Amino acid sequence: MPLRKRINLKIFIPVSLITTLALLLFSQSQTETLVILGVYLATLINLFLLLSVINKIVEIGTATEPVDYSKLRLALVFLAKMLVLFLALTIGVHFTGKRIIIPLLNYVIQIFVLGVSFKRSN
């Protein structure tokens, strides 16, 4: 089963939104709210780019026949994933300072939410 189809979106989306909305209660200004939402969006992009890289690596590793893939494209997707997260956190630090811990905590929670929302395959 492809990795993207293994994510149970009926679990991932509501739990992800609930945890983000819960952390929005800790924001003290509109700027902090926008930073939390921006880092949340970057987190989602980061997670799905990570899934695409892992899916390709698993496909290559489990193939019985040679798989056509570009190492450069795989590396660029991985770099884009890291760049998105780095830029979001850098901009977040610029606007919120030490309160960046709230979006960073949301990032960690989203990783666990993604793990919980995986459909188990036989």
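Above this text sits the structure in question.
Scope of this entry: the structure provided in the associated data block. If you're wondering where the values come from, they're calculated on a predicted model, not measured in any experiment.

## Structural notes on the side chain of asparagine 46
1) Next: Among the secondary structure elements, asparagine 46 is positioned in helix H2 (residues 30–62).
2) Next: A polar side-chain atom of asparagine 46 sits 3.1 Å from a polar atom in the side chain of lysine 81.
3) Next: When residues no more than four places from it in sequence are discounted, the contact partners of asparagine 46 are Lys81, Leu85 and Tyr107.

## Here we look at the environment of isoleucine 109
1) Next: In this structure, isoleucine 109 sits in helix H4 (residues 101–116).
2) Next: Of the residues examined, isoleucine 109 reaches a relative accessible area of 25% and is grouped as partly exposed.
3) Next: Along the backbone, isoleucine 109 and phenylalanine 78 are 31 residues apart, and their C-alpha atoms lie at a distance of 21 Å.

## Here we look at the nonpolar core
1) Next: Ile7, Phe12, Tyr40, Leu44, Leu47, Leu51, Val113 and Leu114 together form the largest nonpolar core, which totals 8 residues.
2) Next: Elements represented by at least two residues in this core include exactly H2 and H4.
3) Next: No other element matches H2, which puts 4 residues into this core.
4) Next: Apart from the residues within four sequence positions on either side, tyrosine 40 is in contact with Ser16, Leu17, Thr20, Asn106 and Gln110.
5) Next: Formed by 5 residues, the second largest nonpolar core is a distinct cluster that contains Val35, Val39, Ala42 and Ala88.

Conventions used here
Residues numbered from 1 in each chain as written. Predicted model: local features only at pLDDT ≥ 70, side-chain atom pairs only at ≥ 80, totals over all residues. Heavy atoms only, no water. Helix = DSSP H or I, 4+ residues; strand = E, 2+ residues; numbered from the N terminus. Polar contact = N/O pair within 3.5 Å; in protein donor to acceptor, adjacent residues only side chain to side chain. Contact = heavy atoms within 4.5 Å. Buried < 20%, exposed > 50% of the residue type's maximum accessible area, 1.4 Å probe, protein only. Core = buried A, V, L, I, M, F, W, Y, C linked by side-chain atoms within 4.5 Å.

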